[in-house]
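Secondary and tertiary structure notes
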Amino acid sequence: MPSPLRHIGELAKARAARSSRERADGQALAELEAPGLAGLPAGLEVEWLGVSGYRITYEGKTIFIDPYLSRVLLRRTTLPDPAALDRFVKAPGEVVGVLVGHTHFDHAVDAPAIARRFDCKAYGSDSLVALMALHGLAERAVEVEPYATYELGPFEVSFTPSVHSKLLLGLAVPYDGDLTCEHLDGLSPNAYRCGQVWGISIRVGGVLIYHQGSANLVDDAVRERDVDVFLAGVAGRSFTRDYWKRILPRLNPRTVVPTHYDNFFRPLGRRMEFVSNVQLSELPEEIGAVSADIELAALPRGDSP
């Protein structure tokens with residue numbers, strides 16, 4: 001039987017290794033943030049909200065993608081936090097839509113509240129429609145069709161069928177299946193089932209942005225080519241076979257922007273921490289092994305000082 005001293009030694013080594021990884025990831029993030037996101041048309045704003053959430057604004061119109069600002073995971077009933085939205089939601093001009101790639105809590109919790117707040121529609125799966133209906137907003141929910149184009153102000157938006165990475169030891173998707181909760185007070189974190197997963201394309205101001213909230217794909221479903229900015233969820237990539245080798249040649253992106261690497265258990269307004277074992281520092285080598293021509297850049301989180 002291993003001695004207590006051995007357990008203590010192994011724990012110390014694990015903590016030291018984690019500390020070393022976090023330092024390396026922090027240094028890598030600072031280097032990726034330094035140049036900023038180049039090549040965007042004048043007036044186009046792309047703000048990272050944390051996790052896979054984004055605000056994109058152009059010509060006085062705004063869309064939100066996978067907004068998760070409330071950070072309410074530890075509450076038994078997981079609902080939007082009005083105080084957090086008051087503090088962190090910035091929406092220059094008119095909000096013309098909320099886009100949701102899948103309905104896990106860290107992608108969909110705040111979609112109904114933002115649609116209500118700005119009197120706009122939310123676009124996504126039938127699970128999103130069910131979530132919106134629970135909030136009394138069924139009339140503002142749009143169940144999207146694959147590849148159909150939705151014109152939202154200056155934005156042309158379409159949805160590509162996709163799948164979620166198998167985070168449970170590479171074997172299964174957490175909280176898989178459709179959202180079937182029947183009452184708001186039943187919306188615990190595990191009630192936010194994944195639902196249909198979508199990659200989201202946004203054409204605006206002469207550029208093409210592709211958002212993928214989870215690191216997996218349906219290979220033959222991806223039709224977009226020569227993407228300008230690939231907003232790439234990176235947290236689950238180690239559980240997906242040959243992820244970069246499969247997705248990058250299809251999208252042929254000019255720039256990859258990593259996303260979904262911050263600790264979503266931690267409220268906004270506090271110092272950002274990395275999600276466990278995200279290994280952000282390894283991204284340049286991983287992507288460079290597929291193509292040396294792809295730029296890699298990161299955006300500061302919207303609550304950064």
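Quick note: structure is the one above.
Note that the coordinates shown come from a computational prediction; the quantities given were computed from them, not determined experimentally.

1. Regarding the sheet that holds strand β7 (residues 150–152)
The strands that make up a sheet pair up through hydrogen bonds in the backbone, lying either parallel or antiparallel. Taken in spatial order, the seven strands make up an open sheet running β7-β8-β9-β10-β11-β12-β13, and their pairing is mixed. On the outer flanks of this sheet lie β7 and β13 (295–296), each paired with one strand and no other. Where β7 lies against strand β8 (residues 155–162), three bridges are found, and the strand directions are antiparallel. What sits directly across from Tyr150, in β8, is Val157.

2. Re helix α6 (residues 243–251)
When α6 is considered as a whole, its buried residues turn out to be Tyr243, Trp244, Arg246, Ile247, Leu248 and Leu251. On its buried face, α6 is in contact with β10 (207–212), β11 (229–233), β12 (255–259) and α7 (283–288). The first or second residue beyond α6 is Asn252, which carries a positive phi of 45°.

3. Observations regarding the nonpolar core
By size, the foremost hydrophobic cluster in this structure holds 55 residues, and its most contacted members are Leu99, Phe155, Ile202, Phe230 and Trp244. The element that contributes the greatest number of residues to this core is α6, accounting for five residues. Other than its neighbours up to four places away in sequence, Leu99 contacts Ile63, Phe64, Ile65, Asp66, Pro67, Tyr123, Leu152, Val157, Phe159, Ile200 and Ile202. Counting residues in each nonpolar core, the second largest holds 35 residues, with Leu49, Phe64, Ala111 and Leu128 among its members.

4. Examining the environment of Tyr261
Within the element layout of this structure, Tyr261 appears in the loop between β12 and α7. In sequence terms Tyr261 and Thr57 are 204 residues apart; their C-alpha atoms lie 23 Å from each other.

5. Observations concerning a negative patch on the surface
Residues Asp126, Glu143, Glu145, Asp176 and Asp178 make up a contiguous surface patch of negative charge. Turning to its location among the elements, Asp178 is positioned in the loop between β8 and β9 (197–204). Judged by relative accessible area, Asp178 falls into the partly exposed class, the value being 43%.

6. What to know about the packing of helix α4 (residues 111–118) against helix α5 (residues 126–134)
Across the interface, α4 lies against α5 with an axial gap of 9 Å and an inter-helix angle of 60°. The handedness of the crossing between α4 and α5 comes out as right-handed. Contacts between α4 and α5 involve Ala111, Pro112 and Ala115 from the first element and Leu128, Leu131 and Met132 from the second. Split into classes, the residues belonging to the contact of α4 with α5 amount to six nonpolar, no polar and no charged.

7. Looking at α5
Those residues of α5 that sit buried are Ser127, Leu128, Leu131, Met132 and Leu134. Buried positions in α5, seen along its axis, are confined to an arc of 155° and lie on one side of it. Where α5 is buried, its residues meet α3 (105–108), α4, β5 (122–124) and β6 (141–143). Among the residues of α5, the N-terminal cap falls to Ser125, whose side-chain oxygen and the backbone nitrogen of Ser127 are separated by 3.2 Å. One or two positions beyond α5, positive phi appears at Gly136, with a value near 75°.

Criteria and cut-off values
- Residues numbered from 1 in each chain as written.
- Predicted model: local features only at pLDDT ≥ 70, side-chain atom pairs only at ≥ 80, totals over all residues.
- Heavy atoms only, no water.
- Pairing = 2+ DSSP bridges.
- Helix = DSSP H or I, 4+ residues; strand = E, 2+ residues; numbered from the N terminus.
- Buried < 20%, exposed > 50% of the residue type's maximum accessible area, 1.4 Å probe, protein only.
- Contact = heavy atoms within 4.5 Å.
- Core = buried A, V, L, I, M, F, W, Y, C linked by side-chain atoms within 4.5 Å.
- Patch = residues over 30% accessible without salt bridge, like charges linked within 9 Å, V, L, I, M, F, W, Y side chains within 5 Å.
- Areas by Shrake-Rupley, 256 points an atom, 1.4 Å probe, with all protein chains shown as cover.
- Salt bridge = Lys/Arg side-chain N within 4 Å of Asp/Glu carboxyl O.
- Lys, Arg positive; Asp, Glu negative; His and termini not counted.
- Charge placed at Lys NZ, Arg CZ, Asp CG, Glu CD.
- Axes fitted to C-alpha atoms, helices over the stretch in contact; angles between N-to-C directions.
- Left-handed = near helix turned anticlockwise from the far one by under 90°.
- Nonpolar A, V, L, I, M, F, W, Y, C, P; charged D, E, K, R; others polar.
- Arc of directions from axis to C-beta.
- Polar contact = N/O pair within 3.5 Å; in protein donor to acceptor, adjacent residues only side chain to side chain.

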